[in-house]
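Given next are the chains, with one letter for each unit.
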Amino acid sequence: MKMNVCLGKMAGSTFKRIYEMLRNRAVFNRLLARRPPQRPFFEALVRSLIILCVAVAVVLSSISVCDGRWLFARRELFGLWHFCSVGNGSALRCVTDLRLAGVEGINVGMILIRSLVAFAVVVAIFGLELLMVSQVCEDANSRRKWSLGSILILISFLLSSAGVLSFSVLLRDHITFTGFSLTYWCEFIAAFLFFLNGISGLHINSLTSPWSRLGKI
C-alpha cells in the first residue's frame, strides 16, 4: 500500500515537472516569435555606411559654417561672417560689416545664406539621430524612424544647396573657379552627401519592406 502511494507521488511529481517544462518551452517559443527577425548582413552594412556618411557630411558642413570663408578674389576674402581685404603688408584686415565689400545686397544675402546652411546642419543632426535610433532600438516603428530620418537628410540637402547656390549668385561678379576656398568645397561635398544618403536611405527602406518581399514571393 505504501509502495503504491510512493509510486503515485513520484508519478504526480514527474507529470508536474513535464508540464512545467512544456509550459516554459511554450512561453519561450512565444517570446522568440515576438522577436523581430535579424536583418541580413548586407542590409545592416549598407545602413551603417549611410549613417557613417551622414555623420561625415554633418562634420564637413559644421566646419564650413563655422569658418565661413568661402571665396578669395581680387585680394579680397568673402565669408559668411566676415569680409577681409589684403593690405600692402600682406596682412588680412577683416570686418564684420559686410556692406564694406561694395556688393549690392550682400549684408541681407549673407544673413539668409548662413541661416540656410546653419539650419541645414541642425536638421541633419536630427535626421542622423533618427537613423541611429532606428538601428539601435529595433521595434515596430524602426522603419518609420528610418524613413523620417532620410527625409530630414534630404531637407538638409535642399537647405545647404540653396545656401551654396545663393552664395554663388550673390557674388557672381567675383567668382573664379580657383577662388573658392576649401571650406566652400566642404559645404558642396556635404550637400552632395546629404542628397546621396537621403535617397539611398529611402531606397533601401523600400527594397527591404515586408510588402516588397511579399511581392517577390
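As a reminder, the structure under discussion sits directly above these lines.
Residues numbered from 1 in each chain as written. Predicted model: local features only at pLDDT ≥ 70, side-chain atom pairs only at ≥ 80, totals over all residues. Heavy atoms only, no water.

Q: Got a sec to walk through the overall build of the protein chain? Specific residues and values, please.
A: Broken down by element type, the protein chain carries 6 helices and 4 strands. Overall, the protein chain shows an N-to-C arrangement of helices and strands of α-α-β-β-β-β-α-α-α-α. Taken over 217 residues, the protein chain has a buried fraction of 35%. For the protein chain, the proportion of contacts with a sequence separation of at least 24, taken over those separated by at least 6, is 67%. (Helix = DSSP H or I, 4+ residues; strand = E, 2+ residues; numbered from the N terminus. Buried < 20%, exposed > 50% of the residue type's maximum accessible area, 1.4 Å probe, protein only. Contact = heavy atoms within 4.5 Å.)

Q: Could you give an account of the sheet that holds strand 2 (residues 76-79), with specific residues and numbers?
A: In space, the 4 strands of this open sheet follow the order 1-2-3-4, with antiparallel pairing throughout. Looking at the sheet topology across the chains shown, the edges are occupied by strand 1 (69-73) and strand 4 (92-95). Direction aside, the axes of adjacent strands within the sheet are offset by 20 degrees on average. Inspection of the sheet shows strand 2 paired to strand 3 (residues 83-86) by 3 bridges, in the antiparallel sense. Across the sheet, residue Phe-78 finds its bridge partner in strand 3, namely Phe-83. (Pairing = 2+ DSSP bridges. Axes fitted to C-alpha atoms, helices over the stretch in contact; angles between N-to-C directions.)

Q: Outline the packing of aromatic side chains, listing residues and values.
A: For the structure shown, the criterion picks out 9 aromatic pairs. Taken together, a centroid distance of 5.4 Å and an interplanar angle of 45 degrees make the contact between Phe-78 and Phe-83 tilted. Neither residue differs from the other here; Phe-78 and Phe-83 are each classed as buried. An angle of 15 degrees between the planes, with centres 4.1 Å apart, marks the rings of Phe-180 and Tyr-184 as stacked. A single burial state applies to Phe-180 and to Tyr-184, both of which are buried. Grouping aromatic residues by their ring pairs yields a cluster made of Trp-70, Phe-167, Phe-180, Tyr-184, Trp-185 and Phe-188. Directly above the ring of Trp-146 sits Arg-47, whose terminal nitrogen or CZ lies 4.7 Å from the centroid. (Phe/Tyr/Trp six-rings, centres within 6.5 Å; stacked < 30°, edge-to-face > 60°. Lys NZ or Arg CZ within 6 Å of the ring centre and 35° of its normal.)

Q: Tell me about a nonpolar patch on the surface, residues and numbers included.
A: Together, Phe-41, Phe-42, Leu-45, Leu-49, Leu-52 and Val-56 line one region of the surface with nonpolar side chains, adding up to about 650 Å² of accessible area. Tracing the backbone shows Val-56 in helix 2 (residues 41-67). The partly exposed category is assigned to Val-56, whose relative accessible area is 39%. (Patch = residues over 30% accessible without salt bridge, like charges linked within 9 Å, V, L, I, M, F, W, Y side chains within 5 Å. Areas by Shrake-Rupley, 256 points an atom, 1.4 Å probe, with all protein chains shown as cover. Salt bridge = Lys/Arg side-chain N within 4 Å of Asp/Glu carboxyl O.)

Q: Provide a residue-level description of the environment of Ile-125, including the pertinent values.
A: Along the polypeptide, Ile-125 turns up in helix 3 (residues 106-136). We classify Ile-125 as partly exposed; its relative accessible area is 42%.

Q: Explain the side chain of Ser-150 to me, using residue names and the numbers behind them.
A: Tracing the sequence through the fold places Ser-150 in helix 4 (residues 142-170). Given the relative accessible area of 2%, Ser-150 is considered buried. Setting aside residues up to four positions removed in sequence, Ser-150 forms contacts with Leu-131, Gly-198, Gly-201 and Leu-202.

Q: I'd love a proper account of the nonpolar core, names of residues and values included.
A: Ranked by size, the top nonpolar core spans 20 residues in total, and within it Phe-78, Ile-106, Met-110, Phe-167 and Leu-171 carry the most contacts. When contributions to this core are tallied by element, the ones reaching two or more residues are strand 1, helix 3 and helix 4. Ile-50, Ala-57, Leu-131 and Trp-146 belong to the second largest nonpolar core, which has 14 residues in total. (Core = buried A, V, L, I, M, F, W, Y, C linked by side-chain atoms within 4.5 Å.)

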